[in-house]
Amino acid sequence: MSQNQAVQRYVGAIAVTALMVLIAASYLPRPDVDYWALFSLGLVGVLLEISRTAKKSGSMAGSLVFIMHLAIGVALGAMWGAVTAAFITGITQTYVRVAPVKIVFNVSERIFSVGLAFGTYFFLGGHHPPAIFEPVVTGSGVPFNEALREIAVFLASAVVYFIANSVTVNTAVALSTKKHILSTWRSNTLWVLGYDIVASLLALAVAYVFVRFDPWERSWQSWFCSQSSCHSSPCAMSTAN
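One structure accompanies this document, and this report is about it. (Residues numbered from 1 in each chain as written. Predicted model: local features only at pLDDT ≥ 70, side-chain atom pairs only at ≥ 80, totals over all residues. Heavy atoms only, no water.)

1. Side note on a nonpolar patch on the surface
Here is step 1: Among the surface-exposed residues, Trp36, Phe39, Leu43, Leu47, Phe87 and Ile91 lie close enough to one another that they form a single nonpolar patch of about 620 Å² accessible area.
Here is step 2: The set of elements that each furnish at least two residues to the nonpolar patch consists of helix H2 (35-54) and helix H4 (78-95).
Here is step 3: In terms of residues, the nonpolar patch owes the most to one element, H2, which gives four residues.
Here is step 4: Note that Trp36 resides in helix H2.
Here is step 5: Under the relative-accessibility criterion, Trp36 is labelled exposed at 60%. (Patch = residues over 30% accessible without salt bridge, like charges linked within 9 Å, V, L, I, M, F, W, Y side chains within 5 Å. Areas by Shrake-Rupley, 256 points an atom, 1.4 Å probe, with all protein chains shown as cover. Salt bridge = Lys/Arg side-chain N within 4 Å of Asp/Glu carboxyl O. Helix = DSSP H or I, 4+ residues; strand = E, 2+ residues; numbered from the N terminus. Buried < 20%, exposed > 50% of the residue type's maximum accessible area, 1.4 Å probe, protein only.)

Written as structure tokens, this is what we have:
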């Protein structure tokens, strides 16, 4: 088997696996989605990735887009996390005119990594969104031990994401350069793994803002509509549902 054939078969295997992961993720529980807010988060991810590309920073440490993948995944579930990761990657890769086979691979490995991470998150007992994101009112709140457990579950899922992402990418690199997979993974990824895990905590902050902003947006919309005399407006109809 030639080198190109090996790479193409590997890309095909990752694409099929990603499709299976996405189908499985669609059966997992997920909250209702505000599509405009979801698009906004995806757009931020696109801008982060394009900015990294413009600066010609190809390392994992140079990219913060994984924060958006993890934030969307923990807030909205494995399926939406995988779908938006595919959207962000597909748009940015097309923008920089990457070869089609590389676009297929990069989109597929993001779907696989995010879907696997938050499938793990669900099976470890995680919730979308985490209970620690709920507003604290008098006499209520999440117990400290439960809060630590939710953070630990998220970090475990983040580790799954980084390992899945780095292994799939470095395997492709090793196949294309005829180098040993383990040595390639060590040289390209091992030294930034700790940085990525710590930085993943930023994803919790982004997800927290996203989750807590949604009720504010609905309250503002209700107030705005109550001041309007046109009860047949789209805004009035949306608050009535």
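So, next bit.
2. Some points on H4
Here is step 1: With 18 residues, H4 should cover 26 Å at 1.5 Å per step; its first-to-last C-alpha distance of 26 Å lies within 8% of that length.
Here is step 2: Burial analysis of H4 places 13 of its 18 residues in the buried class, which makes it a mostly covered element.
Here is step 3: Phi for Arg97, located one or two positions after H4, is positive at around 60 degrees. (Expected span 1.5 Å × (residues − 1).)

3. Points about the side chain of His128
Here is step 1: As for its placement among the helices and strands, His128 is situated in the loop between helix H5 (100-123) and helix H6 (144-177).
Here is step 2: Using a relative accessible area of 15% as the deciding quantity, one classes His128 as buried.
Here is step 3: Polar contacts involving the side chain of His128 include one to the main-chain carbonyl oxygen of Gly73, which spans 3.2 Å.
Here is step 4: At 3.1 Å, the side chain of His128 forms a polar contact with the backbone oxygen of Val74. (Polar contact = N/O pair within 3.5 Å; in protein donor to acceptor, adjacent residues only side chain to side chain.)

4. Section: the packing of helix H3 (residues 65-76) against H6
Here is step 1: In contact at an axis separation of 11 Å, H3 and H6 are set at 130 degrees when each is read in the N-to-C sense. With respect to each other, H3 and H6 are oriented oblique. Between H3 and H6 lies a crossing whose hand is right-handed. Of H6, the residues touching H3 (which contributes Phe66, His69, Leu70 and Val74) are Phe154, Ala158, Tyr161 and Phe162.
Here is step 2: Partitioning the contact of H3 with H6 into residue classes produces seven nonpolar, one polar and no charged. (Axes fitted to C-alpha atoms, helices over the stretch in contact; angles between N-to-C directions. Parallel < 35°, antiparallel > 145°, perpendicular 65-115°, else oblique. Left-handed = near helix turned anticlockwise from the far one by under 90°. Contact = heavy atoms within 4.5 Å. Nonpolar A, V, L, I, M, F, W, Y, C, P; charged D, E, K, R; others polar.)

5. Things to note about the packing of aromatic side chains
Here is step 1: Evaluation of the coordinates by the stated rule reveals seven aromatic pairs.
Here is step 2: Between the aromatic rings of Phe39 and Phe87, the centroid separation amounts to 6.4 Å while the plane-to-plane angle is 55 degrees, which identifies the pairing as tilted. In this pair, Phe39 is assigned in helix H2 and Phe87 in helix H4, connecting sequence segments 48 residues apart.
Here is step 3: On the basis of relative accessibility, which here comes to 40%, the residue Phe39 falls in the partly exposed class.
Here is step 4: Residues Tyr161 and Phe162 carry aromatic rings whose centres are separated by 5.3 Å and whose planes lie at 70 degrees to one another, so their mutual orientation is edge-to-face.
Here is step 5: Residue Phe162 is classed as buried on the basis of its relative accessible area, which comes to 2%.
Here is step 6: Joined through ring pairs, the aromatic side chains of Phe66, Tyr161 and Phe162 make up one cluster. (Phe/Tyr/Trp six-rings, centres within 6.5 Å; stacked < 30°, edge-to-face > 60°.)

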